[in-house]
Amino acid sequence: MNAPFPSETPVTDAPHLLVLIAAPRGFCAGVDRAIEIVERAIERFGPPVYVRHEIVHNKYVVDELRAKGAVFVEELDEVPNDAPVVFSAHGVPKSVPAEAERRKLFYVDATCPLVSKVHRQAERQIEKGQHIIFIGHAGHPEVIGTMGQVPEGQMTLVETVDDVAELELEDESNLSFLTQTTLSVDDTAQVVSALRTRFPGIVGPKAEDICYATSNRQAAVKQIAPSSDLVLVIGSPKSSNSLRLVEVSEKCGVDAKLIQRADEIDPAWLEGVGTLGLTAGASAPEKLVREVIDKLSEWRSVEEQTLVTTEEKMVFKLPRQLFD
Ligand code: 2E6
Ligand code: F3S
């Protein structure tokens, strides 16, 4: 059994630890874009720039932007009339830009374009008179934002297969469904299948709404988890896509821990661990991956191996308001 070594033990004598690093991991195109929007807004308009909700669910990112002049608030009523405000990558209900316009606030919307795409699908489905079943996690800001694209009562939230069984709808004749972008690919397939079984006429998007980054990170962790004794996922407990990476690892039969920073690693976790899987949610900077490897190297003689399942080339354009 490999006991973790105290930091004064020379690393050369420490037991070997193979670290299997998933790729893709970490920042997606929507997160890159959202962070750049805040940085450019601060450069262009000067601090303070208000941000409604954490721009992405990561404390390190939020703290760095706060140091540059961003002020994070939860609601628009905390934003003064003369300050610019950025909406987070998760999207906002229609009532938020409406309120900003009423107050003549200058706002920049950092909603990920893939979340905005779901918003537009919701609008189209309502125009067709459909009642929408939305698969997502209650209380998550993206869910609040997407449900807030349609008039109250026209979208019903389900989280699980059991929720589908318990659905009571006034009219089952004209239904459609949409999903949150950061769900478990496998669990969602089961919920969609339950919907199609119960409501054979239900219509859905051609390609599911789970985004490319979420799917790719889940596929990548599936490649490393079965060979790992433990998987570490770097991400915030608020981060839906990061939480899903923990679940996916656990479904592969391996213990997995969500950590925000390297200092949260308990050396006792590494007892008996010869191969450690490592990945990061879409809102976790690569710097934190390096920090974790450096911390592990204080205790063990680390060998890194990256397993690439796919290459990502997605880039999203910045909003025009930042250049006009
Ligand atoms: C916006 C939409 C999707 O909690 P969640 O995974 O949704 O969010 P973050 O901030 O952890 O990841 C990026 C993101 C933003 N994902
Ligand atoms: Fe967008 Fe998916 Fe990232 S919805 S913010 S590309 S995790």
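Here is what the cut-offs are and how they apply
Residues numbered from 1 in each chain as written. Chains lettered and ligands numbered in written order. Predicted model: local features only at pLDDT ≥ 70, side-chain atom pairs only at ≥ 80, totals over all residues. Heavy atoms only, no water. Domains from an automatic or database assignment. Contact = heavy atoms within 4.5 Å. Buried area = accessible area lost by both parts, 1.4 Å probe. Near = heavy atom within 4 Å. Nonpolar A, V, L, I, M, F, W, Y, C, P; charged D, E, K, R; others polar. Pairing = 2+ DSSP bridges. Helix = DSSP H or I, 4+ residues; strand = E, 2+ residues; numbered from the N terminus. Axes fitted to C-alpha atoms, helices over the stretch in contact; angles between N-to-C directions. Parallel < 35°, antiparallel > 145°, perpendicular 65-115°, else oblique.

1. Here's the deal with the domain arrangement of the protein
Next, step 1: On domain assignment, one finds that the protein holds domain 1 (16–27 + 212–308), domain 2 (29–109) and domain 3 (114–208).
Next, step 2: When each unit is reduced to the centre of its C-alpha atoms, the spacing between domain 1 and domain 2 is 30 Å.
Next, step 3: The partner domain 2 presents twelve residues to the 13 residues of domain 1 that form the contact.
Next, step 4: Here domain 1 meets domain 2 over a buried area of about 1000 Å², counting both sides, of which 56% is carbon and sulfur.
Next, step 5: Contact with domain 2 buries surface across domain 1, with F27, K238 and S283 losing the most and accounting together for 46% of the total.

2. Quick look at the site of ligand 2
Next, step 1: Taken together, C28, G30, V31, C112, L114, T181, C211, Y212 and A282 make up the full set of residues adjacent to ligand 2.
Next, step 2: For the shell around ligand 2, the residue count by class is seven nonpolar, two polar and no charged.

3. Structural notes on the sheet that holds strand β6 (residues 131–135)
Strand pairing in a sheet relies on backbone hydrogen bonds, with the paired strands running either antiparallel or parallel.
Next, step 1: In space, the three strands of this open sheet follow the order β7-β6-β8, with parallel pairing throughout. Among the strands making up the open sheet, the edge pair consists of β7 (155–158) and β8 (175–179). On average, each strand axis in the sheet is tilted by 25 degrees relative to the strand beside it, whichever way the strands run.
Next, step 2: Strand direction decides the pairing type here: β6 and β8, joined by five bridges, are parallel. Residue pairing in the sheet places I133 in a bridge with F177 of β8.
Next, step 3: Taken strand by strand, helix α4 (residues 113–127) contacts β6, β7 and β8, and its axis lies near 170 degrees from that of β8.

4. Concerning the packing of helix α1 (residues 29–45) against helix α2 (residues 59–68)
Next, step 1: Relative orientation of the contacting elements α1 and α2 amounts to 10 degrees, with a least axis distance of 10 Å. Taken together, the axis directions place α1 and α2 in an arrangement best described as roughly parallel. Across the interface between the two elements, I35, V38, E39 and I42 of α1 pack against V61, L65 and K68 of α2.
Next, step 2: Looking at the contact of α1 with α2, its residues break down into five nonpolar, no polar and two charged.

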